[in-house]
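An overview of the molecular structure
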Amino acid sequence: MLSQATFNAALNASSGLALLAGYVFIRRGNVPAHRAAMLTATGASVVFLISYVAYHLRVGSVHFQGTGWSRPAYFSILLSHTTLAVVNVGFVAVTLTRALRANFAAHRRIAPYTWWLWMYVSVTGVLVYFMLYHWFAR
């Protein structure tokens, strides 16, 4: 059985894979597949956020066990991940709203920034998980 932390990391990874698929689909002009992939990424991210908050309300904070060079590396990644995740919520909301309202010109103006930001948050979320629960866990 998956731990909740592993489940959360899988949701982050799923979101990242759906984002990548969405990018490929839109570059190929397959709008329906792009829409499905981006809605999948959104769904995975929403479920992640609910699960993450529930987990940390129950468990509290999990302390990083690494020492030496890993500590500043971990906290730098964590700080950028957390900060950009908060910013990303607004970007995703605006980008998704513009697409759902068929305001595609405005959607296209912001979507590339949203995509890169969201992809960074998804990838670093998985990286934080591995650093915290596997690579530097005691």
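Our subject is the structure listed above.
The sections below set out a description of the structure shown in this document.

Thresholds, definitions, all that
Residues numbered from 1 in each chain as written. Predicted model: local features only at pLDDT ≥ 70, side-chain atom pairs only at ≥ 80, totals over all residues. Heavy atoms only, no water. Helix = DSSP H or I, 4+ residues; strand = E, 2+ residues; numbered from the N terminus. Buried < 20%, exposed > 50% of the residue type's maximum accessible area, 1.4 Å probe, protein only. Contact = heavy atoms within 4.5 Å. Areas by Shrake-Rupley, 256 points an atom, 1.4 Å probe, with all protein chains shown as cover. Core = buried A, V, L, I, M, F, W, Y, C linked by side-chain atoms within 4.5 Å. Phe/Tyr/Trp six-rings, centres within 6.5 Å; stacked < 30°, edge-to-face > 60°.

**Some points on the overall build of the protein**
- In terms of regular secondary structure, the protein is built from 4 helices and 0 strands.
- Along the protein, helices (α) and strands (β) appear in the sequence α-α-α-α when read from the amino end.
- In terms of overall dimensions, the protein has a C-alpha envelope of 50 × 30 × 25 Å along the principal axes.
- A burial count over the protein gives 35% of its 138 residues as buried.
- Taking the contacts inside the protein whose residues are at least 6 apart along the sequence as the reference set, 71% of them involve residues at least 24 apart.
- Summed over its atoms, the accessible surface of the protein is roughly 8400 Å², and 70% of this surface lies on carbon and sulfur atoms.

**Details of the side chain of H107**
- Summarising the element assignment, H107 is placed in helix α4 (residues 104–135).
- Leaving out residues up to four positions away in the same chain, H107 has contacts with H34, T95, R98 and A99.

**Focus on the nonpolar core**
- By size, the foremost hydrophobic cluster in this structure holds 8 residues: A18, L19, M38, A41, V92, W115, W118 and M119.
- Among the secondary structure elements, those contributing two or more residues to this core are α1 (4–27), α2 (31–59) and α4.
- Per-element tally for this core: the top contributor is α4, with 3 residues.
- Aside from chain neighbours lying at most four places away, what touches M119 is G16, L19 and L20.
- Listed in part, the 6 residues of the second largest apolar core include F64, Y74, V128 and M131.

**Section: the packing of aromatic side chains**
- Scanning the entire structure with this criterion turns up 11 aromatic pairs.
- On the numbers, 4.1 Å between centres and 5° between planes, the contact of F64 with Y74 is stacked. Separated by 10 residues along the polypeptide, F64 in the loop between α2 and α3 (70–100) and Y74 in helix α3 bring together distant segments of the chain.
- We classify F64 as buried; its relative accessible area is 7%.
- Through a chain of ring-to-ring contacts, three or more aromatic side chains come together here, namely F64, W69, Y74, F75 and F136.

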